[in-house]
Amino acid sequence: MKTNEQHIIDELKKGTTPVPGDDYFAQLKQDIFDRLEPTVKIIPFYKKTWFISAVAASIALIVSVTYFFDGNETPKPAVATVDWNSVSRNEILAYIDDNIADFEAETIAQHLDSIPNWTLAKPVVGKITRTNTARSKKEEKYDDLFKDIDKQDILKYLEEEDIELDEEMLGT
Amino acid sequence: MHQHIPDEATILSYLHREDAHARIALGWIIDQHSKRLYTTIRRWVKTHEDTNDVLQEVFLKIWKNKHQFQGNSALFSWIYRIAYNEAMQFLKREQRHVSVDLDAPLVEFHHSSLHFGKITPDEISAWLMEAVETLPEKQRFIFEHKYFDDLKYEEIALLTGGSVGGLKANYFHAVKKIEDYLKTKLNH
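Residues numbered from 1 in each chain as written. Chains lettered and ligands numbered in written order. Predicted model: local features only at pLDDT ≥ 70, side-chain atom pairs only at ≥ 80, totals over all residues. Heavy atoms only, no water.

J.: Before we move on, can you summarise the overall build of chain A with the specific residues and values?
T.: Helix and strand counts for chain A stand at seven helices and one strand. Of all 172 residues assigned to chain A, the portion counted as buried reaches 21%. As presented, chain A carries roughly 12700 Å² of accessible surface, and 54% of it is formed by carbon and sulfur atoms. (Helix = DSSP H or I, 4+ residues; strand = E, 2+ residues; numbered from the N terminus. Buried < 20%, exposed > 50% of the residue type's maximum accessible area, 1.4 Å probe, protein only. Areas by Shrake-Rupley, 256 points an atom, 1.4 Å probe, with all protein chains shown as cover.)

J.: Tell me about the overall build of chain B, and name the residues and values.
T.: When helices and strands are tallied, chain B shows eight helices and one strand. In chain B, the succession of α and β elements from N to C terminus is α-α-α-α-β-α-α-α-α. Out of the 188 residues belonging to chain B, those deemed buried represent 52%. Long-range contacts, defined as pairs at least 24 residues apart, comprise 63% of the intrachain contacts of chain B with a sequence gap of at least 6. Element-wise, carbon and sulfur atoms account for 51% of the exposed surface of chain B, whose accessible area totals about 9000 Å². (Contact = heavy atoms within 4.5 Å.)

J.: With reference to specific residues and values, describe the packing of aromatic side chains.
T.: Considering all chains together, one arrives at 15 aromatic pairs over all chains under this definition. With centroids separated by 5.6 Å and ring planes inclined at 65 degrees, the aromatic side chains of Tyr-24 of chain A and Tyr-38 of chain B adopt a geometry described as edge-to-face. You can see Tyr-24 of chain A sitting in helix α1 (residues 22-35) and its partner Tyr-38 of chain B sitting in helix α2 (residues 20-45), one on each of two chains. Overall, the relative accessible area of 15% leaves Tyr-24 of chain A in the buried class. Here the aromatic residues Phe-143, Tyr-147, Phe-148, Tyr-153, Tyr-171 and Phe-172 of chain B are joined through ring pairs into a cluster of three or more. Across from the ring centre of Tyr-153 of chain B, 4.5 Å away, lies the NZ or CZ of Lys-146 of chain B, which sits over that ring. (Phe/Tyr/Trp six-rings, centres within 6.5 Å; stacked < 30°, edge-to-face > 60°. Lys NZ or Arg CZ within 6 Å of the ring centre and 35° of its normal.)

J.: Let's hear about the packing of helix α4 (residues 75-93) of chain B against helix α6 (residues 137-148) of chain B: which residues, and what values?
T.: Residues and elements named next belong to chain B. Their axes nearest at 11 Å, the elements α4 and α6 cross at an angle of 95 degrees. Between α4 and α6, the interaxial angle falls into the category roughly perpendicular. Of the residues in α6, those touching α4 at Phe-76, Ser-77, Tyr-80, Arg-81 and Tyr-84 are Glu-137, Arg-140, Phe-141, Glu-144 and His-145. Class assignment of the residues belonging to the contact of α4 with α6 gives a composition of four nonpolar, two polar and four charged. (Axes fitted to C-alpha atoms, helices over the stretch in contact; angles between N-to-C directions. Parallel < 35°, antiparallel > 145°, perpendicular 65-115°, else oblique. Nonpolar A, V, L, I, M, F, W, Y, C, P; charged D, E, K, R; others polar.)

J.: Break down the confidence of the model for chain A for me, with residues and values.
T.: A residue-level look at chain A finds 25% of positions with pLDDT of 70 or above and a mean pLDDT of 63. By mean pLDDT, the top-scoring element of chain A is α1 of chain A (96), and the lowest-scoring one is helix α7 (residues 167-170) of chain A (50). (pLDDT = per-residue confidence, 0-100.)

J.: Quick one: what's the story with the interface of chain A and chain B, residue by residue and with numbers?
T.: Reports often express the size of an interface as the amount of accessible area lost when the parts come together. With 32 residues of chain A at the contact, the number on the chain B side is 44 residues. Linking chain A to chain B there are four salt bridges. Remark: the boundary between chain A and chain B carries ten residue pairs in polar contact (both at pLDDT 80 or more). Secondary-structure elements contributing two or more residues to the side of chain A that touches chain B are β1 (12-14) and α1 of chain A. Per-element accounting of the side of chain A that touches chain B gives the leading share, ten residues, to α1 of chain A. Tallied by class, the residues present in the side of chain A that touches chain B amount to 16 nonpolar, six polar and ten charged. (Salt bridge = Lys/Arg side-chain N within 4 Å of Asp/Glu carboxyl O. Polar contact = N/O pair within 3.5 Å; in protein donor to acceptor, adjacent residues only side chain to side chain.)

J.: Quick one: what's the story with unusual backbone geometry, residue by residue and with numbers?
T.: Residues and elements named next belong to chain B. The backbone phi angle of Lys-46 is positive, close to 80 degrees, even though this residue is not glycine. Among the secondary structure elements, Lys-46 is positioned in the loop between α2 and α3 (48-64). Given the relative accessible area of 5%, Lys-46 is considered buried. The phi dihedral of Asp-150 falls on the positive side, at around 55 degrees, and the residue is not glycine. Mapped onto the elements, Asp-150 comes out in the loop between α6 and α7 (153-160). Its relative accessible area of 54% is what places Asp-150 among the exposed residues.

J.: I'd like a rundown of the environment of Leu-36 of chain A, residues and numbers included.
T.: Mapping Leu-36 of chain A onto the fold places it in the loop between α1 and α2 (49-68). Once you skip the residues sitting within four places of it in the chain, Leu-36 of chain A turns out to touch Arg-23, Leu-26, Leu-60 and Trp-63 of chain B.

J.: An account of the environment of Ser-163 of chain B is needed here, citing residue identities and associated values.
T.: Relative to the helices and strands, Ser-163 of chain B resides in the loop between α7 and α8 (164-186). In the structure, Ser-163 of chain B is positioned ten residues away from Tyr-153 of chain B in sequence and 8.6 Å away in space, judged by C-alpha atoms.

This is how it looks when you write it as structure tokens:
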């Protein structure tokens, strides 16, 4: 029998518990992660559908803008533009004279109404760059275009050409 | 395995999140505790294959119940409790007992006296584990890590969060109970 001073466990020789190498614990970690329930996956930004669509749309936009814009940052509308620099006042008048039969009275009235302060004058000094309602500095340069032609002259011209316009259409 | 593992508060704050940070925290826990848990569980379930199965279940249970642990005790104490319960459930399912089916004896007598010479290493190992199993959780935890793993009290204190004095008291209580258990077995 053992005395009170000495424990039985002190008489025991301990064995060693075998421990696997680091490879086992690395694999264990992987196995555990493989068994975790799926959570919300973090989808890389570039794999998101909306992102792909947005990129595609952006590329299309860039291509379109690049196609329609020249190198001077001057936007060109998609429709054919009028380069007023290349058209003299006399040429414009000649064109109207030759093609007046093709113009509808209402169309002329709308144009007159939309450019109330524009008058045909000296040669054009810039390009018409945009068709929206906001007027750029370049557009303001065209104010001189029709300054020497009075609306009354236009009305007289239309009258001579037997084109009927009422006062309301002309905005007078 | 060699990456820096942050303090327990940081690990917990990551573990309780619902995004990828929680998995990072689990990775830290696995890196920090898998070896220690392996040796502990293997003492209980004996074979490598069974140890591997139980160990995986332990970490999955940690993951599943991560919100139940709020840091009121040391993290490893909580993990140890999960590991012990998981191992005991495993043995119960396998209709085995912690003290039988030993691959290799945990202990044997240094010197074969006339009295102890009749006790085989398997027998004394089995009785020792039976005795350990009778201990309260805290005493079992301290005894296993002090006696089998040769950890210093200071190292155990880091795992349990207890004071060194309290650990010593618990250890001697555990030894006393084990002695009584073994004496009873040896005298029969």
